[in-house]
Amino acid sequence: MATVNDQPHYLIPKPTRRSYEVMPGWGLVEFGLIGTGTVLGAMGFGLASLLGLPIPVSAIVAILPMAIGGFLAFPPPTGEPMYVQVLAAKEYLQRPKQIVYDWTAGDD
């Protein structure tokens, strides 16, 4: 136990992640989401330019998938990235909503 100004100071460990991190808070999944958004944006831009759409529309088609990938991957300062929250919500919604209780059972 460390002491600071003669007061006990407890060191609380930082939560560890079970995945490989390239940078703090950025693992392979986050880079995969950004890369997928970039590839989809480039493909959308190419398709939009082949169809002869104006440049602003092509830019929106290119930027939108990249922005969605970044939104899903970017970790906020106080929580988990959005893709983790989406997966947790999906898992929660798949659970049964009714609590089964046997009223005839005793308290033993």
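Residues numbered from 1 in each chain as written. Predicted model: local features only at pLDDT ≥ 70, side-chain atom pairs only at ≥ 80, totals over all residues. Heavy atoms only, no water.

Trainee: Outline the pattern of salt bridges, supporting the account with residue identities and numerical values.
Mentor: Going through the model one piece at a time under the given rule, you end up with 1 salt bridge. A salt bridge links Arg-95 to Glu-91; its shortest N-O distance comes to 3.6 Å. (Salt bridge = Lys/Arg side-chain N within 4 Å of Asp/Glu carboxyl O.)

Trainee: Describe the side chain of Ser-58, naming the residues involved and giving the relevant values.
Mentor: By the element assignment, Ser-58 lies in helix H2 (residues 55-73). Its relative accessible area of 1% is what places Ser-58 among the buried residues. Every residue in contact with Ser-58, bar those within four places of it in the chain, is listed here: Phe-45, Ala-48, Ser-49 and Leu-53. (Helix = DSSP H or I, 4+ residues; strand = E, 2+ residues; numbered from the N terminus. Buried < 20%, exposed > 50% of the residue type's maximum accessible area, 1.4 Å probe, protein only. Contact = heavy atoms within 4.5 Å.)

Trainee: Just give me the short version of a nonpolar patch on the surface, but keep the residues and values in it.
Mentor: Taken together, the side chains of Tyr-20, Val-22, Met-23, Leu-28 and Phe-31 present a nonpolar region at the surface, about 520 Å² in accessible area. Elements represented by at least two residues in the nonpolar patch include exactly strand E3 (21-23) and helix H1 (28-50). Since its relative accessible area comes to 43%, Val-22 is described here as partly exposed. (Patch = residues over 30% accessible without salt bridge, like charges linked within 9 Å, V, L, I, M, F, W, Y side chains within 5 Å. Areas by Shrake-Rupley, 256 points an atom, 1.4 Å probe, with all protein chains shown as cover.)

Trainee: Can you lay out H2 for me, pointing to particular residues and giving the numbers?
Mentor: Relative to the 27 Å expected for 19 residues at 1.5 Å per residue, H2 spans 27 Å between its end C-alpha atoms, a close match to the ideal helical length. For H2, the complete set of buried residues consists of Ser-58, Ala-62, Gly-69 and Ala-73. For H2, the secondary structure elements touched by its buried residues are strand E4 (26-27), H1 and helix H3 (82-93). (Expected span 1.5 Å × (residues − 1).)

Trainee: Summarise the packing of H1 against H2; cite the residues concerned and give the values.
Mentor: H2 packs onto H1 with a crossing angle of 170 degrees between their chain directions and a minimal axis gap of 7 Å. In terms of orientation, H1 lies roughly antiparallel with respect to H2. Side by side, H1 and H2 meet where Glu-30, Leu-33, Ile-34, Gly-37, Thr-38, Leu-40, Gly-41, Gly-44, Phe-45, Ala-48 and Ser-49 of the first sit next to Ser-58, Ala-59, Val-61, Ala-62, Pro-65, Met-66, Gly-69, Gly-70, Leu-72 and Ala-73 of the second. Of the residues assigned to the contact of H1 with H2, the class counts are 12 nonpolar, 8 polar and 1 charged. (Axes fitted to C-alpha atoms, helices over the stretch in contact; angles between N-to-C directions. Parallel < 35°, antiparallel > 145°, perpendicular 65-115°, else oblique. Nonpolar A, V, L, I, M, F, W, Y, C, P; charged D, E, K, R; others polar.)

Trainee: Any details on the environment of Gly-37? Residues and values, ideally.
Mentor: Assignment of secondary structure puts Gly-37 in helix H1. Accessibility expressed as a relative area gives 4% for Gly-37, which makes it buried. With 25 residues separating them along the chain, Gly-37 and Ala-62 place their C-alpha atoms 8.9 Å apart. Those residues in contact with Gly-37 that sit more than four places away from it in its chain are Pro-65 and Met-66.

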